[in-house]
Amino acid sequence: MSFLKKPFRKLKDMSNNNSTLDKSITENSAPSKVEGVNSSTGSGTDSPNAKPNGASTPITSSTSTPRLNGDSKRQSREVIQAERARKSMDRERAKVETKKRESMARIEDERFLQEGPPSLTKLYRPYSMNQSKRWTHEDRLLFKNLDWEKLDGEVITFRARIHTLRRMSAKLVFIVFRQQTITIQGVLQSFKARHELKAGEENEGTISEQMVRSVEHYPTETIVVVIARVRKAPKRVKNATVHDHELEVWEVHRVGQLTENVPFTVYDAENINRDREDVDDEEDESSMSSLYPSNGDTPADNTPRIGTPKQGTPRTSTDFSRFSPDRDSKGRASKDIFASRSSMDFFRQQRSLPQRVRLNNRIVDLRTAPAQSIFRIQSGICNLFRSYLDGKGFIEIHTPKLQGGASESGATVFEVDYFGRPAFLAQSPQLPKQMCIAADFERVYEIGPVFRAEDSNTPRHLTEYTGLDLEMALEEHYYEALTIIDGMFKNLWQGIYDRYQKEIDVISHFYPHDRVQWLEETPRIPFSEGVKMLIDDGWVDEDGNPPSELEDLATRAEIRLGALVKEKYKTDYYILDKFPCSVRPFYAMPDPTDDRFTNSFDIFMRGQEILTGGQRIHDARFLEKRMKAKGLKPESMLEYLEGFRWGAPPHAGCGIGLERLTYLFLNLGNIRLASLFPRDPKSLPARPPTLKLRHEEASTTNPPWERTDLENNPTEGITDREKQLQPLEKLIANYGDAANTSWLDKRYHVWRHASTGAAQGYVISHNFAIAVGEPLCSKQQYPQIVSAYLQFLKEEHKELKPLWMIVGPDIEEYLGEKFLWRTLACAAEERADPRNNPANKDKDLARKIRHAENEGIKEIDVPVGAPVDSELQAKIDKRIEDWHKNRKGTQVHLTQIRPWIDWEHRRYYYSVGPDGTIHAICVLHQLSPQNGYQVKFSLEFPGAPSGTIESLILHSMRAIAASDAECKQVTFGTGAMNTLEGGRNLGKTKVRALKKAYEAINRQFKLTNKSEFREKMGVRNDPVFVAYPRGGLGAGGIQALMAFLKEDG
């Protein structure tokens, strides 16, 4: 990271005055080296408050200000800087003291829960894991079945989630409880001593302050069992679905703990404007909070909130409960609100939450009221479909999804290995449906999965969806089937509006839409006439071509035709009949008057197709002829053809996509929102390969405390998990890359995951927790470990903002897609093939190496398997001191120069001159099998002949390639790239501005000089990323990075 040293030089003077103080505070507030597993955090003792220079000379103001000379100006600046440093130190000290008090209070509350009077602690003692040990038939109620007016004054028991929580005082907490789509406010208030009671006040009981404090630290989304009394709310509760009643909480019992960080909460998702576009300019870094806010924006339950928009945002929120009359002109909650126990409408958030973030955290998103309502309506669609067809004499069937051949030629199929033979996932139940008609079932329908291997990444397509299919025998005309289908849809529309209006109203707040319009007699428009309507309207495709009556309509054409039909017929719902033969499968019956067309149809709603159907060919010979014409082999579908050879009645049918029907009816905008767990071409990403570890006993997928095959690994009677944790050095050799080796330095803190032993290193700099490098664990565990690490920061370092630097594409994608973090890349891991000799291609490099040889420089390998000789260590340490003395200016670095730690995983090489003087040292550190080795240190000492370090590096690479046959690459660490590349969640305007600024800095300060040297060594670049939450990388973040990286030379 030395390429940053020159830009940081200008900030050096600003930070010199407070660097010592910041260091003192950081050390005092630093947790233990290994954190997260049975470790305690202490704040240490405060540093003495040194009197700043110049503080004894106050600056006074008057009507006339005398002109200051240069010394006076300099002295004034020093006074101001010293005052700023003092205030900064006071703030840091206050934070340390606050954290210490909170930690002590938490310890006392835990002790009280274990040792306090049972009459008090039994009211909030967490339940143990439910293993069905007993069944007491406790009457736990469901909100949806309750009449709150009738229950006024009654005591009820229920299980719910904590929707949101607001601490009003040490003795009062508001909690909103949620059961599915229903929320109600609860009030948890500790009792008062008798002498504190006012006349007529009733607040004497057994709820302790310890109970209030414990419950207020429950994270949002925690499941609890509650006993409470229903009562009238003194003021209308606007942020709950139950407005006129609230709960007086008597008991709260946690059912289970949240072990991972929740990317967003249901409360956030339901109280933000989902239609609002994401503001993406530089100001929102400072004016907007993030999914991971600072301490000042974090509610009492540590739940991350979405930030608020700048004033002047053109779109307003659809959440009317945000517009509280109890705010002042600046939008702040008035004091009366804090005095009222019936309102929690302050601190509302108004920021968009992108669909991909919600879909990437689907389980949380499905808890929201609109998602719950969507799938209630979808369930109703299936119920109405079934009941209508049951009334028409249909029977429900269930057909196989493994087939021997493709059922349709117009779409690709998923091929699977069926005991060594090829098979295919069903594109539709079309063939089995027809076989049932040939078996005299007469009328059948099915609701089941359908698979389409179409690489279509659009809002309209899925690779797996639920099909609503029907098939029926005909007497005379395929319009018999079309009439039944038309009646089914009209019954379905009316049934949804009659049964689910409440759910539709909830969804409309998030996805506004108009009521579907349909006519008593549905328009049946021939395909040719629809094409003519488009031509008369002047519609053309992207290439300027009008539509053809013998080709399928593009999506844009369908949407435009829907608008024309709406304008002409005043309906959203219509039928397009007689589709061309070229766009229909082999089994479609040709039109008897024109064989260019077929007896087939599509049904459209809101300008998009929701159903495809038509008459099928029932004559065996004609069917085989059509199959051959479509390029299909009849012998691949013998079972299907047998039914027609044995005689089948005329028949017709259709197929409907449940998800498409749902999303068009509700105008959701994306079909994925109508699928529980959507499958598209980007789903099911490839799992990273599992590589053989260098130290199997230090695995995180099979940690040592779960193994019985290891010697000297007792598990019985050990309560301190930390004693069994895998050594950090071995984790680096198993999973590490270059950045991980810096965690061995003393200034790094290493968090450990309790159940796997995985590790993540970070440093505390100013108000930031800067994670460096990727977690030490299997790549398959990345989501679990990253989420748990962020949860650790929320709980133990909620006053710190997180940053993450030097991460690869896997972590970058996870942080960006899962947590909406912003990412950018301006550095890369510079890797080289140790078996490639760049001197063969670079004449300048070869000349330098020859010069070193001519000067008598020799490279020496230190024997492997034993510590380096102490005498040699002393000589090299002396030369390192000389190297330090020769350094100029501000240096930046990830690691300290400590060559002798973890010698078991290091290889040492050094260069000596004819007189025995050591001129250079090169240390290689063993990384994971995939990453090979790192050039940890390559130092050329003062007085070394030109070419010494180049010759030593190439020698060490050849030596490691010869001694380790599995070593495929060596990394030099991170280096600056020629251009900055924007990553995720950064707008194009911001990326262009960052690129321009980076290019200017690169030209001025020559950041890539070291990279150019490494390029001569044959390196290739693997970009690495900096990731940060919204609002996490302003001037404060840059200064935190500088304080972490800089080293004065």
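This one's a predicted model, so the numbers in the text were calculated from it and none came from an experiment.

Draft legend 1. Structural context of the overall build of the protein chain. What the protein chain contains, in helices and strands, is 28 helices and 30 strands. Split into buried and exposed, the 1049 residues of the protein chain put 52% on the buried side. In the protein chain, of all internal contacts separated by at least 6 residues, the share reaching a separation of at least 24 is 73%. Counting every atom, the protein chain has about 50100 Å² of accessible surface; 49% of that belongs to carbon and sulfur.

Draft legend 2. Quick peek at the sheet that holds strand β6 (residues 245-254). Ordered in space as β2-β3-β4-β6-β5, the five strands form a closed barrel in which the pairing is mixed. In this sheet, adjacent strand axes meet at a mean angle of 50 degrees when their direction is disregarded. Bridging between strand β5 (residues 223-232) and β6 involves nine bridges; their strand directions are antiparallel. Residue pairing in the sheet places R231 in a bridge with E246 of β6.

Draft legend 3. The sheet that holds strand β10 (residues 421-425), seen in detail. What the three strands build is an open sheet, ordered β8-β10-β9; its pairing is antiparallel. Edge positions in the open sheet fall to β8 (402-403) and β9 (415-418), since each of these has one partner strand only. Bridge analysis of β9 against β10 gives four bridges, and the strand direction is antiparallel. The partner of V416 across the bridge, within β10, is A423.

Draft legend 4. Up close: the confidence of the model for the protein chain. For the protein chain, mean pLDDT is 81; residues scoring 70 or higher make up 78% of the total. Confidence over residues 1-33 falls short of pLDDT 50; this stretch has 74 contacts with residues more than four positions distant or in other chains. Scored below 50 in pLDDT, residues 714-719 makes six contacts in the model with residues more than four places away or belonging to other chains.

Draft legend 5. Looking closely at the pairing of strand β16 (residues 608-616). With eight of nine residues buried, β16 lies mostly within the body of the structure. Pairing analysis gives six bridges linking strand β15 (residues 600-605) to β16, with the strands arranged antiparallel. Note on β16: the bridge partner recorded for S600 is G614. Turn length for the β15-β16 hairpin, with the two strands adjacent in sequence and antiparallel, is two residues, and the turn residue R606 shows positive phi of about 50 degrees. Two elements, β16 and strand β17 (residues 651-657), share six bridges in a ladder whose sense is antiparallel. Paired with T612 across the two strands is G655, which belongs to β17.

Draft legend 6. Local environment of the pairing of strand β18 (residues 749-752). Neither face of β18 is open: one carries H749 and W751, the other V750 and R752, and all of them are buried. Bridging between β18 and strand β19 (residues 759-765) involves four bridges; their strand directions are antiparallel. When the sheet's bridge partners are listed, V750 is paired in β19 with G761. Between β18 and β19, which follow one another and run antiparallel, lie six residues, and G757 among them has a positive phi close to 80 degrees.

Draft legend 7. Molecular detail of the side chain of D486. Along the chain, the position of D486 falls in helix α13 (residues 479-499). Within polar-contact distance, the side chain of D486 engages the side chain of T522 at 2.9 Å. In contact with D486, other than residues within four places in its own chain, are T522 and Y573.

Draft legend 8. Local environment of the packing of aromatic side chains. One pass over the full model with this rule turns up 25 aromatic pairs. The interplanar angle of 65 degrees and the centroid separation of 5.2 Å between the aromatic rings of Y789 and W804 together place this pair among those described as edge-to-face. Placement of Y789 in helix α21 (residues 782-796) and of W804 in strand β21 (residues 801-807) is noted, with a sequence separation of 15 residues between them. For Y789, a relative accessible area of 2% puts it in the buried group. Positioned over the ring face of F579 is R584, at 4.2 Å from the centre of the ring. The residue whose ring lies beneath R694 is Y933, and the NZ or CZ to ring-centre distance is 5.9 Å.

Rules of the game
- Residues numbered from 1 in each chain as written.
- Predicted model: local features only at pLDDT ≥ 70, side-chain atom pairs only at ≥ 80, totals over all residues.
- Heavy atoms only, no water.
- Helix = DSSP H or I, 4+ residues; strand = E, 2+ residues; numbered from the N terminus.
- Buried < 20%, exposed > 50% of the residue type's maximum accessible area, 1.4 Å probe, protein only.
- Contact = heavy atoms within 4.5 Å.
- Areas by Shrake-Rupley, 256 points an atom, 1.4 Å probe, with all protein chains shown as cover.
- Pairing = 2+ DSSP bridges.
- Axes fitted to C-alpha atoms, helices over the stretch in contact; angles between N-to-C directions.
- pLDDT = per-residue confidence, 0-100.
- Polar contact = N/O pair within 3.5 Å; in protein donor to acceptor, adjacent residues only side chain to side chain.
- Phe/Tyr/Trp six-rings, centres within 6.5 Å; stacked < 30°, edge-to-face > 60°.
- Lys NZ or Arg CZ within 6 Å of the ring centre and 35° of its normal.

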